[in-house]
Amino acid sequence: MNGAQDLGGAMGFGPVRPEKDEPVFHASWEERALALTLAAGALGEWSIDEGRYARESLHPALYLNASYYEIWLRALERLLREKALLDEKELDGGQVTSPPAPTRLPRLTPEGARRLMAMGTPYRRQPSAPARFAVGSRVRAKVINPRGHTRLPRYARGKEGVVERVHGAHVFPDASARGESQPVWLYTVAFSARELWGEGADPALTVSIEAFEPYLERCEPKS
Amino acid sequence: MASCACPTEHGRTAIDGYDPAARVKALEQVLVEKGYVDRAALDVIVETYAREVGPMNGAKVVARAWIDADFRTRLLEDGTAAAAELGFGGRGGEHLVIVENTPKLHNLIVCTLCSCYPWPLLGLPPVWYKSPPYRSRAVIEPRAVLRDFGVNLPETTAIRVWDSTAETRYLVLPLRPEGSEDLSEDRLASLVTREAMIGTGLALAPAVAAI
């Protein structure tokens, strides 16, 4: 979706301000927001892509005004409500008013949490078809404006680039955010700054995105 | 936080009156009571990222690559497998890709769409990495972003920006600083900052690190 999260090339946000000796967390509620998000996610009721879609679905004014963990927390509340794990009264009142719903995976134990952090959840899958592109292929990112989740940033849509790396078949976020499983090939596609930003672009700049095969079409050489 | 240099992130009130500290407290209470989460598991997650995982991990990987050419080759070939040799891997780093700076090419990592970052090697991302100024500008004017960090590269140095739009996670292998030839692996790791591994900084000169 063309939400507030798609920030590449936007202007007016001012300088980057690194904080000296920045702590990992700025408040104890941030620690709990992170841990609750990971522990609730481990119940298996939504994918990482549904989680991202919940964040980018926030109203743009809220998204841009919120701190990062506030965005996570608002999205977590939304997912818990949508998946019927909590109801509105429980979210607003902090009091249990309904019995727990069954979940796909059991409650995360301390040992399970250690395992989850140490092992992660790999996203590479068996390909269901051969790769359409190879290193060196000239490709164009499609012009698409899906209402749902996508990982094709607006600044790359319609732009021509070159496949630089082939990462194998991965979970396709656009499908995964709808609860569907559809492994597709993943590539690194590099674009010249001139192609992305036009006249006046930095001549010594190249920008790459990680592009899933459904985002790409073959680009015929210019005659 | 009054001491914080990022006014858009802290110390401001949500436009709809949302109070995250109160909300998260109530949410944790309800989730625990309904049996969905175990407080001890939450504590493990917080401890892991507050203490055990951080840029010191990535710095060890970089230092090893500087002194061991075979490891460097393996690291650039398959970042996930090479980092695992040193015991690093896991959530947020299932598919690691390490990209190497050269005298002619400088790499910079960003996630314009959210906050993708190589957790097992760098820990949780700093606020600036997740914030609109960095995410918006890194792909269109990276040289100006580098100047915000006090890094001035010659115009002739090519810049390569990697937008982390998938579960592949990137780390920069910075240039080994001059004058570091005789340092031990541990001392070399102390020259490797988080910013150097994101690409918004360079590895420290040995004299600077000693101060």
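Residues numbered from 1 in each chain as written. Chains lettered and ligands numbered in written order. Predicted model: local features only at pLDDT ≥ 70, side-chain atom pairs only at ≥ 80, totals over all residues.

A few words on the overall build of chain A. Looking only at helices and strands, chain A has 8 helices and 6 strands in total. Starting at the N terminus and ending at the C terminus, chain A contains elements arranged as α-α-α-α-α-α-β-β-β-α-β-α-β-β. Per-residue burial over chain A gives 43% buried out of 223 residues. Across chain A, contacts joining residues at least 24 apart in sequence account for 67% of those joining residues at least 6 apart. (Helix = DSSP H or I, 4+ residues; strand = E, 2+ residues; numbered from the N terminus. Buried ≥ 20, exposed ≤ 12 C-beta atoms within 10 Å, placed from the backbone. Contact = placed C-beta atoms within 7 Å.)

The interface of chain B with chain A comprises 77 residues on the first partner and 79 residues on the second. Secondary structure elements with two or more residues in the side of chain B that touches chain A: helix H1 (20–33), helix H2 (39–52), helix H7 (127–130), helix H8 (132–137), helix H9 (142–148) and strand S3 (158–163) of chain B. Here the side of chain B that touches chain A is composed, by residue class, of 42 nonpolar, 18 polar and 17 charged. Bridge analysis of strand S5 (residues 205–212) of chain A against S3 of chain B gives 5 bridges, and the strand direction is parallel. From the neighbouring strand, Thr206 of chain A faces S3 of chain B, where its bridge partner is Arg160 of chain B. (Nonpolar A, V, L, I, M, F, W, Y, C, P; charged D, E, K, R; others polar. Pairing = 2+ DSSP bridges.)

So, on to the domain arrangement of chain A. Residue and element names in this part refer to chain A. Domain parsing of chain A yields domain 1 (28–119) and domain 2 (124–218). Using C-alpha coordinates to define each centre, domain 1 is positioned 29 Å away from domain 2. Listed as interface residues are 5 residues of domain 1 and, on the opposing side, 5 residues of domain 2. The class makeup of the residues in the side of domain 1 that touches domain 2 is 1 nonpolar, 1 polar and 3 charged. (Domains from an automatic or database assignment.)

Here we take up unusual backbone geometry. All names here are of chain A. Non-glycine residue Asp21 carries a positive phi angle of around 50 degrees. Relative to the helices and strands, Asp21 resides in the segment before helix H1 (28–41). If you check the backbone angles, Ala84 has positive phi at about 60 degrees while not being a glycine. Mapped onto the elements, Ala84 comes out in the loop between helix H4 (68–82) and helix H5 (88–93). Judged by local crowding, Ala84 falls into the exposed class, with 10 C-beta atoms found within 10 Å.

Most of S5 of chain A is tucked away, with 8 of its 8 residues classed as buried. Burial of the side chains of S5 of chain A extends over both faces: Leu205, Val207, Ile209 and Ala211 of chain A are buried on one face and Thr206, Ser208, Glu210 and Phe212 of chain A on the other.

Grouped together as the largest cluster of nonpolar side chains are 123 residues, with contacts concentrated most on Leu36 and Ala39 of chain A together with Ile45 of chain B. The contact partners of Ile45 of chain B, leaving out residues within four places of it in the chain, are Leu34, Ala35, Leu38, Ala39, Ala113 and Met117 of chain A. (Core = buried A, V, L, I, M, F, W, Y, C linked by C-beta atoms within 7 Å.)

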